[in-house]
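Residue strings, one per chain:
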Number of protein chains: 2
Amino acid sequence: MNELGLVDMLRRLARPGKGKAPGMVLGIGDDCAIYRPRPSEELLFTTDQSIEGVHFLPEQRPAVIGHNALARSLSDIAAMGAEPRFCLVSLAAPAERGEKFIAAFYRGLLALARRSGTVLAGGDLAHSDRIYCDVMVCGSAPRGKALRRSGAQPGDWLYVSGRLGKPWGARIQPRLAFGRVLRGRATACMDLSDGLSLDLHRLCLESGVAAAVERVPVMRGATLERALHGGEDYELLFTLPPAKSPPRGATRIGNIVKGEAGVVWFQGQPLAPRGYDHFARR
Amino acid sequence: MNELGLVDMLRRLARPGKGKAPGMVLGIGDDCAIYRPRPSEELLFTTDQSIEGVHFLPEQRPAVIGHNALARSLSDIAAMGAEPRFCLVSLAAPAERGEKFIAAFYRGLLALARRSGTVLAGGDLAHSDRIYCDVMVCGSAPRGKALRRSGAQPGDWLYVSGRLGKPWGARIQPRLAFGRVLRGRATACMDLSDGLSLDLHRLCLESGVAAAVERVPVMRGATLERALHGGEDYELLFTLPPAKSPPRGATRIGNIVKGEAGVVWFQGQPLAPRGYDHFARR
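The relation between the two copies of this chain is a rotation about an axis and a shift parallel to it. Aligned on chain B, chain A shows an RMSD of 0.0 Å; the corresponding rotation is 180° and the shift along the axis is 0.0 Å. Both copies of the chain, as the preceding transformation shows, are related through a two-fold rotation axis. Minimal C-alpha separation from the rotation axis in chain A is found for A:Pro39, amounting to 2.9 Å. The residues that chain A uses at the interface reappear at the interface of chain B in 100% of cases, marking a shared surface.

Residues and elements named next belong to chain B. With five of its five residues buried, strand 10 (residues 236–240) lies for the most part within the structure. Bridging between strand 7 (residues 157–161) and strand 10 involves four bridges; their strand directions are antiparallel. Its bridge partner lying in strand 10, Leu158 is registered against Thr239. In terms of strand pairing, strand 8 (residues 188–191) meets strand 10 through four bridges, oriented antiparallel. Paired with Met190 across the bridge in strand 10 is Leu237.

With that out of the way, let us pick up the packing of helix 1 (residues 3–14) of chain A against helix 3 (residues 98–116) of chain A. Residue and element names in this part refer to chain A. Two numbers describe how helix 1 lies on helix 3: the axes approach to 11 Å, and their chain directions differ by 20°. Here helix 3 runs roughly parallel to helix 1, going by the angle between their axes. Every pair of crossing elements has a handedness; the one defined by helix 1 and helix 3 is right-handed. In contact with Leu6, Leu10, Leu13 and Ala14 of helix 1, helix 3 contributes Glu99, Ile102, Tyr106 and Leu110. A class-by-class count of the residues in the contact of helix 1 with helix 3 yields seven nonpolar, no polar and one charged.

Residues and elements named next belong to chain A. Direction vectors running N to C along helix 2 (residues 62–79) and helix 3 enclose 40°, while the axes themselves pass 6 Å from each other. Considering their axes alone, helix 2 and helix 3 lie oblique with respect to each other. Crossing angle aside, the handedness with which helix 2 passes helix 3 is right-handed. Two secondary-structure elements touch here, helix 2 through Pro62, Ala63, Val64, Ile65, Gly66, His67, Ala69, Leu70, Ala71 and Leu74 and helix 3 through Phe101, Ala104, Phe105, Tyr106, Arg107, Gly108, Leu109, Ala111, Leu112, Ala113 and Ser116. Its residues assigned to classes, the contact of helix 2 with helix 3 shows 16 nonpolar, four polar and one charged.

Quick look at the confidence of the model for chain A now. Counting all residues, the mean pLDDT for chain A is 93, and 97% of those residues have values of 70 or more. Scored by ipTM, the complex comes to 0.94, with pTM at 0.95.

The next point concerns unusual backbone geometry. Residue and element names in this part refer to chain B. The backbone of Tyr234 shows a phi angle near 50°, a positive value even though the residue is not glycine. Inspection of the secondary structure puts Tyr234 in the loop between helix 6 (224–229) and strand 10. One non-glycine residue with positive phi stands out, namely Gln267, at about 50°. Along the chain, the position of Gln267 falls in the loop between strand 12 (264–266) and strand 13 (269–270).

The rules behind each value
- Residues numbered from 1 in each chain as written.
- Chains lettered and ligands numbered in written order.
- Predicted model: local features only at pLDDT ≥ 70, side-chain atom pairs only at ≥ 80, totals over all residues.
- Least-squares fit on C-alpha atoms with pLDDT ≥ 70 in both.
- Contact = placed C-beta atoms within 7 Å.
- Buried ≥ 20, exposed ≤ 12 C-beta atoms within 10 Å, placed from the backbone.
- Helix = DSSP H or I, 4+ residues; strand = E, 2+ residues; numbered from the N terminus.
- Pairing = 2+ DSSP bridges.
- Axes fitted to C-alpha atoms, helices over the stretch in contact; angles between N-to-C directions.
- Parallel < 35°, antiparallel > 145°, perpendicular 65-115°, else oblique.
- Left-handed = near helix turned anticlockwise from the far one by under 90°.
- Nonpolar A, V, L, I, M, F, W, Y, C, P; charged D, E, K, R; others polar.
- pLDDT = per-residue confidence, 0-100.

Here you go:
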């Protein structure tokens, strides 16, 4: 199959059910996709790369690679309490892995797209010596309602969804429903994609506050070390005023406190950010 | 410099001038960027990959790599007669090329972004063994006014902007002003990114028509072969009803005709699509 044939295949696979793509005026097949916004909405944009040998290993199942490539970006949409609308998928793959790999990759990606209400609206295909992909997702939220990292206040209580320490390469489940429940309640929210210690440091920097962590919900089989610094959790990290009750499945891990912006304490000791940094000197 | 440091540097570099980012509510630094659409606008989305060894060579100047990475996507925005609003830039680079490469790449990209009114609103950074980037651009057009590939009619005259046959690796100049002039005039438009023979085939397929090409404006130093099948022109290919005069700098190359959808004739002979196909068997 050549590039035109692949694009035709994707067009058929990506066709949403009737009435299932609100706002989408034009999808795959032209120079651009076209979206007609509703008057009351704000649009959110995020993009995440998935690179062979960096984010996944060559032996990973292609359908899981596709699923996780979309899930990483959906997790950012969840972190802002938004609903996904559509995605653009850029994929480069070795010609010898060919259409079989590409078909399985999109099967995994499109299954999650359908479940989450995300339309595949376009993208780019190229050949390369390794698998690279980059998935852009556009989400929607009512005006002024998106959750940010920057609103945490001293005195807020600090929570995470789920349990931490997920093993590398696991299937990522973006917390879309959880994020929507937090909209209008949480003072700050972000997803855990580089490890609690680094991501909490970032949230505190953006909010101009410090944090004191007392306990962490460690998942079965994981170490505390991995729960504090591992980078594959894709759970939500968020803050609520003490009066607000958290959604089901949340664990309170500590408090937002006054102090130097970005400083994180764990059980009374300073916790250096050691999560995943692509450009740290190793 | 680590990843946080790089993101800080990009935030400073990307800050648009006062009043220069209409609609942009939140840029680099959170999980998503936020855009507030105006009531009358439709948004256009495109993404294009630039991969070392595929789209450019390692010895190419980093600033030109950055310029061209954005220019490829802006060319798609131009082809639909839209105005660029913002971009998301995903970049993966070997750690050893480091911050020097990254800074020069963004210098080239941001110079073009400023000139074209495109805000850098976010993206993703990762390390990898080759340079890979993917640039998503969001553009804006008045409702229902974006140019498509699918409106060419038998009897329309066929044009290109500029001259064809540009050498591989040259600096790409997206035809944004030209595209905006075509809005409301052209029946179909697309950019030439994979060569005239393949791209015209695609335009004809989408419009359900055939085309007869009589002449092609070949640039100085290029061959007719390259002008017909080369993939680096990034000029606009468009159709006008015979009564409409083309913008300055356009050359009429032939006509849209009745016939099997997608068939292209050159001086009376069928012209097989031989432009750049990433998944053609080579």
